[in-house]
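Chains, contacts and geometry: an overview
Residue strings, one per chain:
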Amino acid sequence: MTETRQFGDLATQLVTESRRSTATDTLLKYNDPLIRSIIREQRQLEQMIASTLENLADPEFDGANPSLLIYQTAILRNKRCLLAYHSHRIDRLRDMYWAVGGALPHLLSDQDIRGKLSPHEVDFLKQYNSAVMDFRSEFSDELDITAGITQPPKDLHVLVRVVRDCGVIQTELGTIDFKKGQRFMVRRADIEHLIVQGYLEEV
Amino acid sequence: MLDARGPPVQFELQAGEETKLQELTRHWMNERHAPDILPAQSVLLGRLLDHIRKQNDTVQLLRADPDSSEEEHFRIMLAQTEIERVKFIVRSYVRTRLYKIEKYARYIVATPEVQERLSETELQHARRYAHLVESHFHRTVLQSLPEEQRGLADETAFMPPMIPEPDKTRAVFAMARTNCPPVRLPDGSTSEMEKGQISLTPYYVVEQLLARGEVELV
């Protein structure tokens, strides 16, 4: 049994994956094999164009050759699908980056996430991080632009429970050594990033 | 506002005039509702940040002073809460712009008119991000493709452009802050908004009114 396949089928699979990722709000594993096959298809198409053009040496040819148009359309479509897939992933990565308040080491040390990224994407995140950090440093120390913007602050202080040890942290009341199981009443601004990263929990 | 020496001093306001914070809140809402990037409010932002810093210093000073009374401590707490809230708005404002800047980074780099609306830092970030995205595309996709297919600016009929631009036809709710001069609607007729009136229109219709501060987006 032979599998019949049209040009562009693989690219459709790729885009479907992006859609699924959006619909389920999860980052899927980077689909390297599929991308490689699409790139192979692109090379094939380019060769078919080249060989069609060679056969056109015929002096009676009037310039109209529908197969060329089909190849060209397939090439353009595949290319756009490839770029759309990568662009969609970049958007997701940036969302994840901001969701943890720009704590890149925290993101990259998560084995589950790390396994889904391609090496280029890890590079991208690192470079993006340094760009954002440079942007942030333009503001005064008072204002950390990477802090959360989903909930406006209602109270100055917050009661937290320590879920994971996170060592000694500088706060308004002096340094506090957060140990698992303890509870503290602390200034929200001092420890907000620890809540975001899952070290502390609001009670 | 809190003062180290005496009771809180309020901004002195003429009737109908807005405080710096109200001004920022308006720009923040405009920015959040507009599909396009609006002009940067660098001066306003700088002033507010200065103010936050001063307030913070004052608060630190008062907290350290053992003679502050119970009532003063309560006032300090209110001031601190207020500072946090202002910071929240500033942060959200900055991040909203950052989001749009990254989304349209390649368009910004190619369009000088838009660049004028950005602060120096923002423009730098836009350039850097556009470059970052292009080189990412190049490394992951384009360099493996045949030579002829490596462009990032193909213009093909029936395909959306490769450089995304803000969609100025998106509908926005605009509220008139004063009586506005007439604007031309897409069907050729004109419409005039009275003070306080709210209309739902495509963004480009009220773009000029917004730039002059005659309407605000709600």
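What you are looking at is a predicted structure, and each value in this text was computed from that prediction instead of being measured.

Calculation notes
- Residues numbered from 1 in each chain as written.
- Chains lettered and ligands numbered in written order.
- Predicted model: local features only at pLDDT ≥ 70, side-chain atom pairs only at ≥ 80, totals over all residues.
- Heavy atoms only, no water.
- Helix = DSSP H or I, 4+ residues; strand = E, 2+ residues; numbered from the N terminus.
- Buried < 20%, exposed > 50% of the residue type's maximum accessible area, 1.4 Å probe, protein only.
- Contact = heavy atoms within 4.5 Å.
- Areas by Shrake-Rupley, 256 points an atom, 1.4 Å probe, with all protein chains shown as cover.
- Lys, Arg positive; Asp, Glu negative; His and termini not counted.
- Charge placed at Lys NZ, Arg CZ, Asp CG, Glu CD.
- UniProt positions renumbered as here; feature names shortened; annotations may be inferred.
- Domains from an automatic or database assignment.
- Buried area = accessible area lost by both parts, 1.4 Å probe.
- Salt bridge = Lys/Arg side-chain N within 4 Å of Asp/Glu carboxyl O.
- Pairing = 2+ DSSP bridges.
- Axes fitted to C-alpha atoms, helices over the stretch in contact; angles between N-to-C directions.
- Phe/Tyr/Trp six-rings, centres within 6.5 Å; stacked < 30°, edge-to-face > 60°.

1. Some remarks on the overall build of chain A
Regarding its fold elements, chain A presents seven helices and five strands. For chain A, the N- to C-terminal ordering of α and β elements is α-α-α-α-α-α-β-β-β-β-α-β. Principal-axis analysis of the C-alpha atoms gives chain A an extent of 90 × 45 × 25 Å. Here chain A holds 203 residues, and 42% of them are scored as buried. Within chain A, counting contacts between residues at least 6 apart in sequence, those at least 24 apart form 63% of the total. Total accessible area on chain A is roughly 11600 Å²; 51% of this is exposed by carbon and sulfur atoms. In chain A, 25 positive and 30 negative side-chain charges are present, and the distance between their average locations comes to 6 Å.

2. Section: the UniProt feature "domain: GINS subunit" (unreviewed entry) in chain A
Under the feature "domain: GINS subunit" (unreviewed entry), the UniProt entry names residues 67-138 of chain A. In this annotation, residues 67-138 of chain A is assigned 83% helix and 0% strand; the end-to-end C-alpha distance for the span is 55 Å.

3. Points about the domain arrangement of chain B
All names here are of chain B. You can read the domains of chain B as domain 1 (15-103) and domain 2 (167-218). Centre-to-centre, using C-alpha coordinates, domain 1 lies 28 Å away from domain 2. Contact residues are listed per partner, giving nine residues for domain 1 and 12 residues for domain 2. For the pairing of domain 1 and domain 2, the buried interface totals around 920 Å² over both sides, and the portion due to carbon and sulfur atoms is 58%. In terms of surface lost to domain 2, no three residues of domain 1 exceed R26, H33 and P35, which account for 53% of the buried area on that side. Summed over the shared surface of domain 1 and domain 2, the result is two salt bridges.

4. Comments concerning the UniProt feature "domain: DNA replication complex GINS protein SLD5 C-terminal" (unreviewed entry) in chain B
Per the UniProt entry, the sites bearing "domain: DNA replication complex GINS protein SLD5 C-terminal" (unreviewed entry) are residues 166-218 of chain B in this numbering. Between the end C-alpha atoms of residues 166-218 of chain B there is a gap of 19 Å, over a span that is 17% helix and 34% strand.

5. As for the interface of chain B and chain A
Contacts between the two partners involve 47 residues from chain B and, on the opposite side, 48 residues from chain A. Counting the surface lost from both chain B and chain A, the interface buries some 4700 Å², and carbon and sulfur atoms represent 64% of this. The three residues of chain B that bury the most area against chain A are B:R91, B:R95 and B:H136, which together make up 14% of that side's buried surface. On the surface where chain B and chain A come into contact, there are three salt bridges. A salt bridge links A:R187 to B:E84; its shortest N-O distance comes to 3.1 Å.

6. Concerning the sheet that holds strand β4 (residues 198-202) of chain B
Strand pairs in the sheet, formed through backbone hydrogen bonds, run parallel or antiparallel to each other. Residues and elements named next belong to chain B. The sheet built from three strands is open, its strands ordered β4-β1-β5 with antiparallel pairing. Every other strand in the sheet has two partners, leaving β4 and β5 (215-217) as the edge strands with one partner each. Direction aside, the axes of adjacent strands within the sheet are offset by 40° on average. Here strand β1 (residues 171-176) pairs with β4 via five bridges, running antiparallel. In the strand pairing of β4, F173 is matched with L200. Sheet strands touched by helix α1 (residues 20-33): β1 and β5. Its angle to β5, the strand with the most contacts, is close to 60°. Each of β1, β4 and β5 is contacted by helix α7 (residues 203-211), which is oriented at about 120° to β4, the strand it contacts most.

7. Observations concerning the packing of aromatic side chains
Going through the model one piece at a time under the given rule, you end up with eight aromatic pairs over all chains. Taking the centre distance of 6.0 Å and the plane angle of 5° together, the rings of A:F124 and A:Y128 count as stacked. In this pair, A:F124 and A:Y128 both sit in helix α6 (residues 119-136), four residues apart, roughly one turn of the helix. The pair formed by A:F124 and A:Y128 is uniform in burial state, with each residue classed as buried. Ring centres of A:F124 and B:Y129 lie 6.4 Å apart, and the angle between their planes is 70°; this geometry places the pair in the edge-to-face category.

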